[in-house]
Amino acid sequence: MLAHVSRQTTITLVNLLVPTLLYRARAFSTPATKSVRQRTLNDDPLVHSKLLEHIMAQPPPRRLPDTTRALLNEAVTRIQRASADRDLPSALQHWQYLAQQRNSLPDSDAYHISPALERDITNLLTSQIYQGNAFNEWNDEMKAAVENFSMQTAKTHSANALAAYMLVLIKANKAEAVINLYGAFLQSLEHVATKQDKPASSEEGLALSDIEDANPDQIDPGRVSILLAVTTAHAMQDSFAAALETYLATDIRFHHYRRQKFLGHLEENPDLHSKATKFFDRIQVASLVARPPSLSRHIINLSHSSTAHLLQKFYEDILDGIRGSDPYLAAEPSAVSETKLVALTEAGWTSFQTGFIKCERPDLAAKVWRDLAQFKIRPGVTMWTALLDTYADLRNSRQALETWDMMQKYWVKPDVLSYRAIIAVLFDDRKPEIAMERFKEYQNSFKDDPDRAITVYNTVLRGLLRQNNNGQASALITTMQTTGPSLDIVSYNTLLAYYSRLNDFKGLANIVAKMAAANISGDVVTFSTILTALLQVGKQDAPLTILNLMRKQGIQPNVATYSAIIDHQMRGQTEANLKAALLMLDKMEQDQSIKPNEVTYTSILSGLYRGNWLSHKKADEVRKNIVGRMKRLKLAFRLPTYHILIRACLDSPDPAGYQDALALLQEMEIQRIPRVQTTWYLLFSGLMQRGQWEVAKEMVAKMHLSGHEPTLRVQKLINDIRKHR
């Protein structure tokens with residue numbers, strides 16, 4: 001516990017607890033009472049000091065002499081008086097004396113300068129800067145004092161003073177001084193901020209998560225302002241490359257409110273205001289292009305019919321950066337130059353193509369291909385496959401086949417994943433004959449790729465079994481067992497799902513036995529499928545059966561395993577699945593070794609809100625039951641839980657789903673859970689997708705009343721909500 005608190009808090013806790021512990025040790029320690037030399041009360045300070053030194057790994061802070069403390073307190077009083085009199089020079093002079101005296105102490109932890117005291121000086125400093133021509137009125141000594149105070153407080157509490165001082169330098173046309181000051185600030189930090197993107201796989205992969213996890217509310221707003229200031233300084237020097245490099249080197253991002261507030265201070269200089277605005281806009285676009293996973297996330301977040309115009313505008317901004325009058329982006333990596341600093345990768349082009357199709361804007365998806373042709377970029381097989389996957393998601397075999405024919409026309413050879421995609425969409429759209437033709441083509445074209453071949457074979461197996469074509473499925477399995485590829489866990493789960501639908505327990509048992517013979521252990525899907533089958537025929541002891549099966553396979557069930565099975569059941573969206581999930585939950589609650597956690601309960605609650613498969617009355621009954629169980633275990637909703645539930649409510653086809661989301665938002669307010677940027681983004685985008693424009697406007701007003709400052713991404717949604725008539 002002590003590892004997560006401040007040094008001063010640790011010292012306070014030790015000072016409070018040690019006397020009591022020493023008293024109990026003397027009272028109850030038999031060896032101590034029989035020792036030759038009894039410890040006396042006079043030994044306690046020594047023991048106390050040794051314990052504290054051991055815990056803190058260094059000696060405890062020395063107590064200040066009363067005279068020294070009185071001098072320091074007198075300096076504090078003078079600072080308070082100067083701040084009240086709005087005498088900035090005196091306040092800074094006394095603060096500097098106080099800081100010097102504190103730093104000269106043998107142990108600086110023995111005296112702490114109150115953040116509130118420094119905040120008062122900061123408020124006084126910023127008010128004078130924003131209200132007048134402060135820089136020209138200060139002498140060199142005053143400028144040095146302001147800079148010193150700004151740098152010190154930026155390191156420890158808030159960068160607001162430093163941001164204000166940088167603005168003074170900008171107005172005095174001292175761009176180089178601002179850049180140097182920012183560099184000195186970074187060097188003074190113990191840990192320089194690192195890049196925000198940490199993709200799980202390749203940097204070129206498509207990141208399809210729907211919402212960014214970064215929480216702007218946890219960032220010191222002053223640091224946003226100093227980033228805006230140093231960017232403006234680079235703009236003054238016409239150095240976009242340096243500005244972008246600075247931006248990409250930090251995890252701080254421009255916030256709409258701070259950006260507009262900063263630009264407001266530049267209105268007296270229209271040329272600089274215009275140039276800074278241009279730099280801010282371009283940096284935000286370029287930084288996304290430079291991080292393909294973030295770019296893909298941003299595009300997918302805008303891939304809805306209600307936000308199609310925003311996605312189109314973003315695409316046009318990128319095109320302007322590539323072929324506009326002052327280009328700064330490249331259409332492909334090979335075109336990067338001294339002026340075209342970052343390139344749109346194939347993953348980026350593919351994301352735009354997928355996004356426009358999901359927005360139901362095929363005209364814009366077609367434009368992407370025309371633009372590629374104009375830039376003389378030949379789309380690779382990855383982009384064609386992504387297009388096939390998109391049509392597979394939509395179960396649109398007609399478009400998929402047209403795409404397949406176009407690939408052949410442009411001499412693009414389909415790869416393994418291309419065949420998997422086209423076969424999947426043909427089976428899903430009930431065209432098994434054509435699907436098997438493509439599969440035979442695949443078998444003739446790819447003979448030496450067993451690692452990836454299994455994905456195609458599993459797709460065919462799934463398609464045949466869904467068509468109840470048991471004969472061809474059996475023949476396929478025989479081929480896999482004799483010539484490969486060998487059946488894997490996905491193959492066996494596909495077979496288990498087939499026999500489960502038929503309520504064929506002999507078939508299920510046979511597959512489980514074959515898994516054991518092949519030394520393949522089951523996964524969440526395996527056990528969840530068997531659980532469903534058992535419950536469908538009234539086996540009330542199904543959870544115990546699953547538990548025994550897992551242990552027999554050498555799998556020790558834990559909270560994560562049970563929670564995953566429950567989540568898998570809830571995604572089935574039937575009352576039978578719900579019953580299975582609740583039975584598994586009962587089993588967990590009865591076993592101390594696998595007590596459910598917040599994730600377990602959240603998976604059930606989000607499953608209730610997801611879809612329209614359960615009556616609202618029944619869902620409400622189950623929800624109250626789950627919340628009651630959580631209260632008994634003293635589990636409370638945290639911020640991620642609320643986000644999951646709000647999203648599930650807004651994604652639900654239930655017309656009343658948005659009301660559940662608003663109820664959750666109200667509950668957050670009652671429970672004093674902070675509503676951060678992600679909260680408002682989820683709410684606004686969800687209400688827009690549902691066409692609840694008036695409700696969205698009310699929520700915008702509610703957000704502003706709360707004092708929340710929206711980021712640029714949230715502000716764009718707000719602007720669209722306000723424009724809607």
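Residues numbered from 1 in each chain as written. Predicted model: local features only at pLDDT ≥ 70, side-chain atom pairs only at ≥ 80, totals over all residues. Heavy atoms only, no water.

## Looking at the confidence of the model for the chain
As a reminder of what qualifies: How sure the predictor is of each residue is captured by pLDDT, a score from 0 to 100. Residue contacts are defined here by distance: any two heavy atoms, one from each residue, within 4.5 Å place the two residues in contact.
On average, residues of the chain score 80 in pLDDT, and 85% of them reach the 70 mark or higher. Between residues 1-5, whose pLDDT stays under 50, and residues either more than four places distant or in other chains, the model counts five contacts. Confidence drops under a pLDDT of 50 for residues 191-217, and excluding neighbours within four residues, the segment shows 55 contacts in the predicted structure.

## Some remarks on the nonpolar core
The condition is simple: In plain words, nonpolar cores are sets of buried Ala, Val, Leu, Ile, Met, Phe, Trp, Tyr and Cys residues tied together by side-chain atoms within 4.5 Å. When accessible area is computed with a 1.4 Å probe and restricted to protein chains, residues below 20% of their type maximum are described as buried, those above 50% as exposed, and intermediate ones as partly exposed. Here a helix means four or more residues in a row that DSSP labels H or I, a strand means two or more in a row labelled E, and each is numbered from the N terminus.
Counting 211 residues, the largest nonpolar core has I318, W349 and F684 as the members making the most contacts within it. With ten residues, the top contributor of residues to this core is helix 9 (residues 160-171).

## As for the packing of helix 4 (residues 66-84) against helix 6 (residues 115-131)
For any two helices packed against each other, one specifies the crossing angle of their axes together with the interaxial distance. Keep this limit in mind: Working convention: axes come from line fits to C-alpha atoms, limited for helices to the stretch in contact. Angles between N-to-C directions cover 0 to 180 degrees. Angles below 35 degrees are treated as roughly parallel, those above 145 as roughly antiparallel, those between 65 and 115 as roughly perpendicular, and all remaining angles as oblique. Handedness of a crossing is defined here by the sense of rotation of the near helix relative to the far one, left-handed for an anticlockwise turn of less than a right angle and right-handed for a clockwise turn. Each residue receives one of three labels: charged for Asp, Glu, Lys and Arg, nonpolar for Ala, Val, Leu, Ile, Met, Phe, Trp, Tyr, Cys and Pro, and polar for the others, Gly being one of them.
Running from N to C, helix 4 and helix 6 point in directions that differ by 30°, and their axes come no closer than 10 Å. Classified by the interaxial angle, the pair formed by helix 4 and helix 6 is roughly parallel. Crossing handedness for the pair helix 4 and helix 6: left-handed. Across the interface between the two elements, V76, I79, Q80, A82 and S83 from helix 4 touch L117, D120, I121 and L124 from helix 6. Residues that form the contact of helix 4 with helix 6 fall into these classes: six nonpolar, two polar and one charged.

## Examining the packing of helix 11 (residues 221-236) against helix 12 (residues 240-248)
The interhelical angle for the contact between helix 11 and helix 12, taken along N-to-C directions, is 160°, at an axis separation of 8 Å. Comparing their axes, helix 12 and helix 11 come out roughly antiparallel. The two elements helix 11 and helix 12 meet at a crossing, and its hand is right-handed. Counting all contacts with helix 11, which are made through L227, V230, T231 and H234, the residues of helix 12 involved are A242, A243, T246 and Y247. A class-by-class count of the residues in the contact of helix 11 with helix 12 yields five nonpolar, three polar and no charged.

## Observations regarding helix 8 (residues 140-156)
Stated precisely, the cut-off is as follows: Here the expected length of a helix is defined as 1.5 Å per residue gap, with one fewer gap than residues. Pairing of N or O atoms within 3.5 Å defines a polar contact, subject to two protein rules: one partner must be a possible hydrogen donor and the other a possible acceptor, and residues neighboring in sequence count only if both atoms are side-chain atoms.
Under the 1.5 Å per step criterion, the end-to-end length of helix 8 is 25 Å for 17 residues, consistent within 8% with the ideal 24 Å. Within the span of helix 8, buried status applies to M142, K143, A145, V146, F149, S150, M151, T153 and A154. A side-chain oxygen of the first residue of helix 8 lies 3.2 Å from the backbone nitrogen of E141; this N-cap is N139.

## Focus: helix 14 (residues 270-289)
Taking 1.5 Å of rise per residue, the 20 residues of helix 14 would be expected to cover 28 Å, and the 29 Å separating its terminal C-alpha atoms lies within 8% of that figure. Buried within helix 14 we find L272, A276, F279, F280, R282, I283, Q284, V285, A286, S287, L288 and V289.

## Quick notes on a positive patch on the surface
Cut-off, in case you're wondering: By definition, no residue in a patch forms a salt bridge, and every one has over 30% relative accessible area; like charges are joined within 9 Å, nonpolar side chains (Val, Leu, Ile, Met, Phe, Trp, Tyr) within 5 Å. Using a 1.4 Å probe, the Shrake-Rupley method yields the accessible areas, and only the shown protein chains count as cover for residues. Think of a salt bridge as a Lys or Arg side-chain nitrogen and an Asp or Glu carboxyl oxygen that are within 4 Å of each other. We treat Lys and Arg as the positive residues and Asp and Glu as the negative residues; His and chain ends play no part in the count. Taken as the charge centre is NZ of Lys, CZ of Arg, CG of Asp or CD of Glu, depending on the residue.
On the surface, a cluster of positive charge is contributed by R395, R430, R466 and R501. With respect to the helices and strands, the residue R395 is situated in the loop between helix 19 (381-393) and helix 20 (397-409). Overall, the relative accessible area of 47% leaves R395 in the partly exposed class.

## Quick word on the packing of aromatic side chains
Selection rule: Pairing of aromatic side chains here covers Phe, Tyr and the six-membered ring of Trp, requires ring centres within 6.5 Å, and sorts the geometry by plane angle: under 30 degrees stacked, over 60 edge-to-face, intermediate tilted.
This structure, assessed with the given rule, holds 22 aromatic pairs. An angle of 85° between the planes, with centres 5.6 Å apart, marks the rings of Y315 and F356 as edge-to-face. Within this pair, whereas Y315 is found in helix 16 (residues 308-323), its partner F356 is found in helix 17 (residues 346-358), the two being separated by 41 residues in sequence. Of the two residues, Y315 and F356, neither departs from the other in class, the shared state being buried. On the basis of an interplanar angle of 20° and a centroid distance of 5.4 Å, the ring pair of Y442 and F446 is categorised as stacked.

## Brief notes about the environment of I252
Positionally, I252 belongs in the loop between helix 12 and helix 13 (256-264). Using a relative accessible area of 9% as the deciding quantity, one classes I252 as buried. Considering only alpha carbons, one finds I252 and S225, 27 residues apart in sequence, at a separation of 9.9 Å.

## Focus: the pattern of salt bridges
Taken as a whole and assessed by the stated rule, the structure comprises 21 salt bridges. Note that D371 and K367 form a salt bridge whose closest N and O atoms lie 3.0 Å from each other. Linking D371 with K367, this pair stays in helix 18 (residues 362-374), spanning four residues, or about one helical turn. Judged by relative accessible area, which is 4%, D371 ranks as buried.

## Describing the environment of G348
By secondary structure assignment, the location of G348 is in helix 17. Accessibility expressed as a relative area gives 2% for G348, which makes it buried. As a C-alpha pair, G348 and I299 span 49 residues in sequence and 8.8 Å in three-dimensional space. Ignoring anything within four residues of it in the chain, the contact list for G348 reads L295 and I299.

## Some thoughts on unusual backbone geometry
A cis geometry characterises the amide bond from G484 onward to P485, with omega recorded as 0°. Inspection of the secondary structure assignment puts P485 in the loop between helix 24 (470-483) and helix 25 (489-501). A positive phi angle, near 60°, is found at W411, a position not held by glycine. Take W411: it is sitting in the loop between helix 20 and helix 21 (416-428). Of note in this structure, R430 is not a glycine but carries a positive phi near 60°. Mapped onto the elements of the fold, R430 is located in the loop between helix 21 and helix 22 (432-445).

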